[in-house]
Structures are given as C-alpha cells and as structure tokens.
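Notes for the structure review
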Amino acid sequence: MTNPKQPAKSTLVDNKAAKAKPGFWVHFAITMIIIGGVILPQLKAADVETIPSFQVEVIGEGKPVLLIPGLMSDSRIWQHTAAALKQDYQLHLISVAGFAGTPAIAGELLPRLKQDLLQYIATQQLQRPAIVGHSLGAFLAFSLASSAPEQIGTVVAVDGLPYIAPIFSRNPATQVADMQQQALQIKAYYQQLNSEQLKAGAAQGIFIQARAPEHQQLVLEMAAASDSNSVGQAMYELLTTDLRPEVAAITSKVWLLGASGALPAAQQQQAAALYQQQIAGIANATLLMNTNSRHFMMLDEPEWFISTLRQALQE
C-alpha cells in the first residue's frame, strides 16, 4: 500500500484498459488483496475440519489465535509462524474456499466467510480469540472485530487495510460509489481467466510479493491452483466494501503491520500516512512499518515478524 503526497482523483477504467498490462499502482493494490505461499517443512499432520467457506487446522495449546491468509493463499503462509508459536498458543490455521486449491463455494464469499468464522468461534467456545490476518485476511480481521467487538480479542492486520480501493485510485477520499464500475470490470475480467492466466497475472507483480525466488515460485503455483470465480468475487467484494466507518466499533487492541520495502525510499512516508489514515478511528491502534519487507513480511522478515507478533499477542 502506498499513498502519494498529492493524491490523484479516482478514475475508472474501461474494458480495454482493464485488459492492458497493469501499472505499478494496480499491481501494488492487487498485492494488498492477494496471494501467498511459502516453501517450508509441513507441521505435524493434524485434523482438518471443513466448513463450507473455509477449512481449519488446529495445532498447539494456549490462548486461541485465528490465522487468516490472503486471496489465492492458504494456511501454508503461516507454517514458519505456527512452528514458532504452537508451544504457547492454540492456532487455528484457516484456508479460504476457492483459494490455492481449497474447494470453492458459489455466491457471496467474504460476507459468508465472516459469518461462518463467527459461528465457528461461538461453536468452539473460543474466548476472545486473537485474529491475525494477512492482506485479504487483514480485511476480514477488521470486519470480524467491528461486527462482533465483544467476541474478538487482539487484531493483528498484516499488510492489509479496512478498504483497499484508495490503493487503486491513489486517493484516500475514494468511496464505494467511485469504484462500482471498476469493481464490476475487475470481477468479470478475473472470472474469465484460466489457471495459467491467473498465474501469468500474478507473475506481473511478483517483485512486490516476496524477495526469495522459492517464495515467488510458490506464489505463482498457488495462484494457478485458485478458482477464478472466487478470485473475481472476492476482489469485487473488497473494492465495494468500505470498513473505515465501521472500525471505530473495535474495542480490542489493533496492530497494523505495514510492509513498504517494495516502494522507492521517497514514498515510504507516504505509505505510512495512508495506513495511519485508515486506522485513525480505532481507539487503541498501533502502526508499525517494516521498510525492508515486501508484502509477505512473515517470509521476508520472519524474526522481526514473530517477535512483533508475540508482543502484540501478549497484550
């Protein structure tokens, strides 16, 4: 995410433009929504429970923590994190329907996922679990905590925001009405792609995702394994759902961890300003920027990430 000092007016793209090679800002915006993966040894096998909108694997003991990946990601992005935390926390590793090979569902995705996650928390009798979400998962963390503040504990948003559209428009004043037409075009565009085209699209912005070639390669493989209808639906919902007016309802502590290492040095401060604007209405929010990391800071800067996450979860 980034925010120029002099934001441009929100613009819509026509169908021809939507098919053109995206520029840096579009890649950066889509990065905030999508994709993840890491080549790491798998943790000891555990039972995986299937719920229509997600699958969940539970490992470890202690305070409950839900870990939610981004679009076209699954729970593998948390393997290194989970290995470090499983002795101290009960970790609920989520894989969202339609992404990275997890079976897809029809119709709305994110609203259904939010309700299913809240029902899961209630059914499992989890007492104010912490929510750690990356990218799209961070959006869901904000959504859960603002919809049910009494049920949700600490929120750790990993390079994700309450509203993604200002990244596309480069204008923090962008509203849902400004994005409606573009969101429909993006939805239609992604839903007609096959697996190789999803992979090729991800490749165009791969330099923003992670530094290591092996992590980049798995990003592309996971994109190819995702369901294009789910991708298009999720992107449409993210662009037409603005949580900024709602996050003031959050009563728990919020940590927003931003990664601006893919940006030129001159734009680092601008990125931090955009992050801060989006959490300004939350009573107890902390912003930390990592200026070395790409989007997947749990891969690029694992020691920093785990240390920071432990600090957030202890509060």
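The sections below set out a description of the structure shown in this document. (Residues numbered from 1 in each chain as written. Predicted model: local features only at pLDDT ≥ 70, side-chain atom pairs only at ≥ 80, totals over all residues. Heavy atoms only, no water.)

**Things to note about the pattern of salt bridges**
Once their charged atoms are close, side chains differing in charge can pair, the charge on each being opposite to the other. For the coordinates displayed, the defined rule picks out 4 salt bridges. The salt bridge partner of Asp74 is Arg76, with a shortest N-O separation of 2.9 Å. On the accessibility criterion, Arg76 (25% relative accessible area) is partly exposed. For the salt bridge of Arg211 with Glu301, the shortest nitrogen-to-oxygen distance reads 3.2 Å. (Salt bridge = Lys/Arg side-chain N within 4 Å of Asp/Glu carboxyl O. Buried < 20%, exposed > 50% of the residue type's maximum accessible area, 1.4 Å probe, protein only.)

**A look at the packing of helix α4 (residues 110-123) against helix α5 (residues 136-147)**
Look at α4 against α5: their axes get within 10 Å of each other, and the N-to-C directions meet at 60°. Taken as axis vectors, α4 and α5 run oblique relative to one another. Relative to α5, α4 is oriented so that their crossing is right-handed. Taken together, the residues of α5 that come into contact with α4 (itself represented by Leu110, Leu113, Lys114, Leu117 and Leu118) are Leu136, Phe139, Leu140, Ser143, Leu144 and Ser147. When grouped by side-chain class, the residues that make up the contact of α4 with α5 number 8 nonpolar, 2 polar and 1 charged. (Axes fitted to C-alpha atoms, helices over the stretch in contact; angles between N-to-C directions. Helix = DSSP H or I, 4+ residues; strand = E, 2+ residues; numbered from the N terminus. Parallel < 35°, antiparallel > 145°, perpendicular 65-115°, else oblique. Left-handed = near helix turned anticlockwise from the far one by under 90°. Contact = heavy atoms within 4.5 Å. Nonpolar A, V, L, I, M, F, W, Y, C, P; charged D, E, K, R; others polar.)

**Concerning the packing of helix α7 (residues 176-191) against helix α11 (residues 228-239)**
How two helices sit against one another is set out by the angle between their axes and by the gap between those axes. Two elements in contact, α7 and α11, have axes separated by 7 Å at closest approach and are oriented at 170°. Compared by their axis directions, α7 and α11 come out roughly antiparallel. Of the residues in α11, those in contact with Met179, Gln180, Ala183, Leu184, Ile186, Lys187, Tyr190 and Gln191 of α7 are Ser228, Asn229, Val231, Gly232, Gln233, Met235, Tyr236 and Leu239. Of the residues that constitute the contact of α7 with α11, the class distribution is 9 nonpolar, 6 polar and 1 charged.

**Details of the layout of surface pockets**
The rolling of a water-molecule-sized probe over the atoms marks out the regions of remaining empty space. Looking at the second largest pocket, its volume works out to about 210 Å³. In terms of lining, the second largest pocket is formed by 14 residues, of which the most central are Leu110, Pro111, Phe139, Glu237 and Thr241. Of all the elements in the fold, those that place two or more residues in the lining of the second largest pocket are α4, α5 and α11. Class assignment of the residues belonging to the lining of the second largest pocket gives a composition of 6 nonpolar, 4 polar and 4 charged. (1 Å grid on protein atoms, 1.4 Å probe; cavity = no way out; pocket = protein on both sides within 12 Å on 5 of 7 lines; lining within 4 Å. Points joined across faces, edges and corners; volume = space filled by probe spheres on them.)

**Let's talk about unusual backbone geometry**
Positive phi outside glycine occurs at Met72, with the angle close to 60°. With respect to the secondary-structure elements, Met72 resides in the loop between β3 (63-68) and α3 (79-85). Phi is positive for Ser135, which is not a glycine, with a value near 60°. Residue placement: Ser135 occurs in the loop between β5 (130-134) and α5. On the accessibility criterion, Ser135 (2% relative accessible area) is buried.

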